[in-house]
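Chains, contacts and geometry: an overview
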Amino acid sequence: MPVNSTHTLQLARETLAIEAAALLQAQSRLDDRFVKAVDLVLGIQGRVVVTGMGKSGHIGNKIAATLASTGTPAMFVHPGEASHGDLGMIQAIDVVMAISNSGESDELVAILPVLKRLGVPLLAMTGGLTSSLARHADIVLDCSVDKEACPLNLAPTASTTVQLAMGDALAVALLDARGFKPEDFARSHPGGALGRRLLTHVADVMRQGDAVPQVSPDAEFTALMREMSSKGLGATSVTDAAGRVLGVFTDGDLRRLIEKGADLRSLKACDVMHTNPHTIHVGALAVEAAEMMEQRRITSILVVDDAGLLCGALNTNDLMRAKVI
C-alpha cells in the first residue's frame, strides 16, 4: 500500500522542526556550566570515559570518537559491562561523561557510587535535572527537551539529537582551546583524504634515481629524445655535472619545434631547454606540488633539494595514484 505523500512529508518536516527547536532551546540554556565542563576536561591527565545506555550509548560512542579524533583522548565504556569488570578501565585521572535522558538508567545508576569512591570527576549530559545522575554529577549539562519528535513521544529522537550536538559543542570548544590544527586532525585520519593531503610529502611519491629523466646540456637531440621517451614522464631535466637543474624540455616543446620546422638533428639540449624551470622542494607537501602544477598549467615538475640539485620528478599521474588529487 503506497504511503500518503502529503502526510509523510508533513511528518518529516515536523520532525525536523521539533529537533531544530530543541537545539535552539539547548543553545539558549548554555551557561557557565559548559565553560566549567571544558575546563574540567582540559585539566585532566587521563581520558574522557563516555558511558550511556541504549540510544544514549550509541550517541556516547560517537561523541567519544569525535573527541578522540580532535585531540581529546576518549573512549566509550558500556555501563552494563562496567559492572562486570570494565570499571577497571577507569582511573582517578580520568573524567567520566555519563549520558542519559532520564538520568535514571539502572545500569548507569548502579556504577555511580563506585565512580564517586574512585574520586573520578563526573560530567552528566541529561534531561533529568533532579535525577540520580544529576545529583551525583560534578557538572550537569542540560539536554532536556520539551518533547520527542516521535509522534508517540516515546522513541529517543529530539533528546538524542541534543545530546549529539552538545557533544559536538564540547569537542569543538576543546579543540579550539588546545590549538588543534588541520595537521593534527590529519595525523589521526591518515587513511582519509585530508590525511593524504596533509601528510603526504613530495619525497613520498616522486620518481627517483634512474626513473628520473636527466641529460647534460651538450646532449644531442636524439639522446634527449631517447631519455624522455624511455622514462615516460613527458619531459626531461637538463642538469650540470653536479646535478644542478639548468632547464627542462617537454613534449610540448617538441611539438612547437616541429611546427616551426626546426632542424632537430643539429640541436643540443642547451639549445631547446627552458631555463629556470618550475621546481618544487623535496620536503614540500605533495598537495603543494599539485597546486603548483594546476596554477602553472603543467603536468610534471622537477624536485630539488636546498642546493638546487635534482633529486626527483613527478607528474599528475603520480599524484593521482597516491590519491593526493
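In what follows, the structure referred to is the one given above.
First, a word on scope: everything that follows refers to the structure included in this document.

**Some thoughts on helix α1 (residues 5-29)**
- With 25 residues, α1 should reach 36 Å at 1.5 Å per residue; the first-to-last C-alpha distance of 36 Å fits that figure.
- Those residues of α1 that sit buried are Ile18, Glu19, Ala22 and Ala26.
- Buried residues along α1 sit against α7 (158-177).
- The opening residue of α1 is Asn4, an N-cap whose side-chain oxygen sits 3.1 Å from the backbone nitrogen of Thr6.

**A few points about the layout of surface pockets**
- Each pocket or cavity is described by its volume, and for the largest pocket that value is around 350 Å³.
- If you go around the largest pocket, you meet 18 residues; those closest to its centre are Val248, Thr250, His278, Ile298 and Ser300.
- Going through the elements one at a time, β8 (245-250), α12 (251-260) and β11 (300-304) are the ones with two or more residues in the lining of the largest pocket.
- Its residues assigned to classes, the lining of the largest pocket shows seven nonpolar, eight polar and three charged.

**Points about the pattern of salt bridges**
- On inspection of all chains with the given rule, the structure shows 11 salt bridges.
- The partner of Lys116 in a salt bridge is Asp138, with the nearest N and O atoms 3.9 Å apart. Note that Lys116 is positioned in helix α5 (residues 106-118) and Asp138 in the loop between α6 (132-136) and β5 (139-142), a separation of 22 residues in sequence.
- Using a relative accessible area of 39% as the deciding quantity, one classes Lys116 as partly exposed.

Procedures and definitions
Residues numbered from 1 in each chain as written. Predicted model: local features only at pLDDT ≥ 70, side-chain atom pairs only at ≥ 80, totals over all residues. Heavy atoms only, no water. Helix = DSSP H or I, 4+ residues; strand = E, 2+ residues; numbered from the N terminus. Expected span 1.5 Å × (residues − 1). Buried < 20%, exposed > 50% of the residue type's maximum accessible area, 1.4 Å probe, protein only. Contact = heavy atoms within 4.5 Å. Polar contact = N/O pair within 3.5 Å; in protein donor to acceptor, adjacent residues only side chain to side chain. 1 Å grid on protein atoms, 1.4 Å probe; cavity = no way out; pocket = protein on both sides within 12 Å on 5 of 7 lines; lining within 4 Å. Points joined across faces, edges and corners; volume = space filled by probe spheres on them. Nonpolar A, V, L, I, M, F, W, Y, C, P; charged D, E, K, R; others polar. Salt bridge = Lys/Arg side-chain N within 4 Å of Asp/Glu carboxyl O.

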